[in-house]
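Here are the chains, one letter per residue:
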Amino acid sequence: MLELLYASGMRVSELVNLDLADVDTGSGFVRPFGKGKKERMVPIYPGAAHSVDEYVKDVRPRYVHNGVEKALFVNQRGERLTRQGLWQILKGYARLAGMEHRVTPHTLRHSFATHMLNGGADLRSVQELLGHANISTTQIYTISPLTTSASLR
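Residues numbered from 1 in each chain as written. Predicted model: local features only at pLDDT ≥ 70, side-chain atom pairs only at ≥ 80, totals over all residues. Heavy atoms only, no water.

1. Describing the environment of Trp 87
For step 1, the next point in the chain: Topologically, Trp 87 is positioned in helix α4 (residues 83–96).
For step 2, the next point in the chain: With relative accessibility at 23%, the residue Trp 87 sits in the partly exposed group.
For step 3, the next point in the chain: Linking Trp 87 and Leu 5, residues 82 residues apart in sequence, is a C-alpha distance of 12 Å.
For step 4, the next point in the chain: Beyond its immediate stretch of four places on either side in the chain, Trp 87 contacts Arg 102, Val 103, Thr 104 and Pro 105. (Helix = DSSP H or I, 4+ residues; strand = E, 2+ residues; numbered from the N terminus. Buried < 20%, exposed > 50% of the residue type's maximum accessible area, 1.4 Å probe, protein only. Contact = heavy atoms within 4.5 Å.)

In structure tokens:
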């Protein structure tokens, strides 16, 4: 879940609202619905696709027993994971990793954008991947180094 969040740059609400049908690991795409119910297709790298496949095959069935739940990510009761639930999971992993800086789900989104831009992606492509309506929203990632890989250590 956290790998997919970082690999796609999705908003937390987009991730927790994903259904099984919204992820095509074979072709390496996820279909989040952003603000204003805008749909977009976001590529994910093979490692993230593999992680999602493993979760769906090995973990999710331990919690979903009714076969009715369509949510990709579920909580311990087999129901759709909430934003707050995801936040708690991330906080727990950050604590286990001994991270001193505050890590939020948005930290992963910001890191995704920063790493894409630092890796040579153009601003318009990153804007599209993030689902930003306005380019100025994306430009923040070129100006404000809020989160870098060094700060995530």
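Following the structure, the description resumes.
2. With respect to α4
For step 1, the next point in the chain: Under the 1.5 Å per step criterion, the end-to-end length of α4 is 20 Å for 14 residues, consistent within 8% with the ideal 20 Å.
For step 2, the next point in the chain: Of the surrounding elements, those touching the buried residues of α4 are α1 (2–8), α2 (12–16) and α5 (105–118).
For step 3, the next point in the chain: Where α4 terminates, the next one or two residues include Gly 98, which has phi positive at roughly 75 degrees. (Expected span 1.5 Å × (residues − 1).)

3. Let's talk about helix α3 (residues 46–63)
For step 1, the next point in the chain: For α3, with 18 residues, the first-to-last C-alpha span of 25 Å sits near the 26 Å given by 1.5 Å per residue.
For step 2, the next point in the chain: Along α3, the sharpest kink reaches roughly 40 degrees, centred on Val 56.
For step 3, the next point in the chain: Listing the buried residues of α3 in full gives Ala 48, Ala 49, Val 52, Tyr 55 and Arg 60.
For step 4, the next point in the chain: Packing partners of the buried residues in α3 comprise α1 and β1 (23–24). (Bend = angle between axes of the 7 residues up to and from the residue.)

4. Some words on the environment of Met 116
For step 1, the next point in the chain: The topology assignment puts Met 116 in helix α5.
For step 2, the next point in the chain: Sequence-wise, Met 116 and Gly 67 are 49 residues apart; in three dimensions their C-alpha atoms are separated by 37 Å.
For step 3, the next point in the chain: If near-sequence neighbours (up to four positions away) are discounted, Met 116 is found in contact with Ala 121, Val 126 and Leu 129.

5. A word on the environment of Gly 9
For step 1, the next point in the chain: Here Gly 9 is to be found in the loop between α1 and α2.
For step 2, the next point in the chain: The sequence separation of Gly 9 and Gln 76 amounts to 67 residues, and the corresponding C-alpha distance is 25 Å.

6. Here we look at the confidence of the model for the protein chain
For step 1, the next point in the chain: For the protein chain, the average pLDDT comes to 85, and 93% of its residues sit at 70 or higher.
For step 2, the next point in the chain: Across residues 144–153, confidence stays below pLDDT 50; counting only partners more than four residues off in sequence or on other chains, it has 15 contacts. (pLDDT = per-residue confidence, 0-100.)

7. Here's the deal with the layout of surface pockets
For step 1, the next point in the chain: If you add up the space inside the largest pocket, you get close to 390 Å³.
For step 2, the next point in the chain: Lining the largest pocket are 15 residues; nearest its centre among them are Met 1, Val 74, Asn 75, Leu 81 and Ile 89.
For step 3, the next point in the chain: Elements with a contribution of two residues or more to the lining of the largest pocket: α3 and α4.
For step 4, the next point in the chain: Within the lining of the largest pocket, the residues separate by chemical class into 10 nonpolar, 4 polar and 1 charged.
For step 5, the next point in the chain: Its volume calculated, the second largest pocket comes out at about 170 Å³.
For step 6, the next point in the chain: Along the walls of the second largest pocket sit Met 10, Arg 11, Val 12, Ser 13, Arg 83, Trp 87, Thr 104, Pro 105, His 106 and Arg 109, which together make up its complete lining.
For step 7, the next point in the chain: Breaking the lining of the second largest pocket down by element, the ones donating at least two residues are α2, α4 and α5.
For step 8, the next point in the chain: Considering every element that reaches the lining of the second largest pocket, the biggest residue donor is α5, with 3 residues.
For step 9, the next point in the chain: Partitioned by chemical class, the residues of the lining of the second largest pocket number 4 nonpolar, 3 polar and 3 charged. (1 Å grid on protein atoms, 1.4 Å probe; cavity = no way out; pocket = protein on both sides within 12 Å on 5 of 7 lines; lining within 4 Å. Points joined across faces, edges and corners; volume = space filled by probe spheres on them. Nonpolar A, V, L, I, M, F, W, Y, C, P; charged D, E, K, R; others polar.)

8. A short note on the pattern of salt bridges
A side chain of one charge can pair with a side chain of the opposite charge when the charged atoms of the two come close.
For step 1, the next point in the chain: For the structure shown, the criterion picks out 6 salt bridges.
For step 2, the next point in the chain: The salt bridge partner of Asp 19 is Arg 80, with a shortest N-O separation of 2.5 Å. Taken together, the positions of Asp 19 in the loop between α2 and β1 and Arg 80 in the loop between α3 and α4 put the pair 61 residues apart, joining distant regions of the chain.
For step 3, the next point in the chain: What makes Asp 19 partly exposed here is its relative accessible area of 22%.
For step 4, the next point in the chain: For Arg 80, a relative accessible area of 28% gives the class partly exposed. (Salt bridge = Lys/Arg side-chain N within 4 Å of Asp/Glu carboxyl O.)

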